[in-house]
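# Close look at the chain arrangement
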Amino acid sequence: MNYEDKTALPAHIGFIMDGNGRWATNRGLPRNKGHEAGAAAMQRIVEYCYNIGIKHITFYGFSTENWSRPKTEVNAIMNIITTFLNRMIEKFNSGTGMYRRTNVNFIGDLSVFNPVQKSLMKTISDRSRTIRGDMTLNIAINYGGRAEIVNAVNAFINKNPGKTLSENDISGLIYTAGQPDPDLIIRTAGEMRLSNFLLWQSAYAELYSTQTYWPDFDEKDLDAAIENYLGRTRKFGNISEEK
Ligand code: IPE
Ligand code: IPE
Ligand code: MG
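Residues numbered from 1 in each chain as written. Chains lettered and ligands numbered in written order. Predicted model: local features only at pLDDT ≥ 70, side-chain atom pairs only at ≥ 80, totals over all residues. Heavy atoms only, no water.

## Considering the sheet that holds strand β1 (residues 12-16)
On the basis of which strands lie adjacent, the open sheet formed by six strands has the order β3-β4-β2-β1-β5-β6 and parallel pairing. Of all strands in the sheet, those with a lone pairing partner are β3 (102-107) and β6 (206-209), marking the two edges. Neighbouring strand axes in the sheet, compared pairwise and without regard to direction, differ in orientation by 20 degrees on average. Note: strand β5 (residues 184-187) against β6, four bridges, orientation parallel. Residue pairing across strands places Ile186 opposite Tyr208, the latter belonging to β6. Across the face of the sheet, helix α4 (residues 115-129) comes into contact with β3 and β4 (135-143) while running at roughly 140 degrees to β3. (Pairing = 2+ DSSP bridges. Helix = DSSP H or I, 4+ residues; strand = E, 2+ residues; numbered from the N terminus. Axes fitted to C-alpha atoms, helices over the stretch in contact; angles between N-to-C directions. Contact = heavy atoms within 4.5 Å.)

As structure tokens, then:
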């Protein structure tokens, strides 16, 4: 869709990419095929968001709780993440693409990743710090919303022993500091929960759930979510005329 009024668009969209496993199982495929198809879907949606003018996007790729899955599935996801990071660097190097105008941020506890993954993430985030991007892409891996808040509080206490902290202090110390909170959070596969995603930031996010499994989520599905968002009345605790 060609969105004429860019100012009405959500400034920040969060994606809880769910249903990869069910997508694969329904096709008689192993679950890792669903994760591969999910990574491809993410690629398409990142590009579409850039093209329609969304300024901040966050994708939930792997939660702190996802380590409890069978080792074979976790290993498959880790390999897919490595491939994804390598592709991203190729895209950065390819010259003209939108990736050269995208600031990429990895959010989560990155300390657990292997040295190859860490170095790929560092290459990408270092490079994207040198550009003035049109869009910020946050990739949440080994991410947990509660851990993010705890880390922010601990960082504050360490720097300011004995002081009382404010909401602004926390907002300034979380992974998305300096970015607008998500206006819209989309979850696929029919689930209606946050599963520890952007807990602090989602205080006033509009939630949208679709039955579509993430690997099938495409440009038309995102248009439908945005259309739905544009029709909502945001009140932030105030009173206002219904549309
Ligand atoms: C989301 O798809 C991807 C991750 C959580 C890594 P799932 O793997 O949760 O898919 P379902 O929910 O089992 O269908
Ligand atoms: C949330 O999906 C995490 C990601 C999308 C990465 P899950 O499939 O892990 O969430 P639950 O377990 O159904 O709540
Ligand atoms: Mg799931």
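## Looking at the packing of helix α3 (residues 71-93) against α4
Between two packed helices, what matters for the description is the angle formed by their axes and the separation of those axes. For the pair α3 and α4, the least separation of the axes is 10 Å and the interaxial angle reads 30 degrees. In terms of their interaxial angle, α3 and α4 are classed as roughly parallel. Handedness of the α3/α4 crossing: left-handed. Counting all contacts with α3, which are made through Met78, Ile81, Thr82, Leu85, Asn86, Met88, Ile89, Phe92 and Asn93, the residues of α4 involved are Val116, Gln117, Leu120, Met121, Thr123, Ile124, Arg127 and Ser128. Class assignment for the residues of the contact of α3 with α4 results in 10 nonpolar, six polar and one charged. (Parallel < 35°, antiparallel > 145°, perpendicular 65-115°, else oblique. Left-handed = near helix turned anticlockwise from the far one by under 90°. Nonpolar A, V, L, I, M, F, W, Y, C, P; charged D, E, K, R; others polar.)

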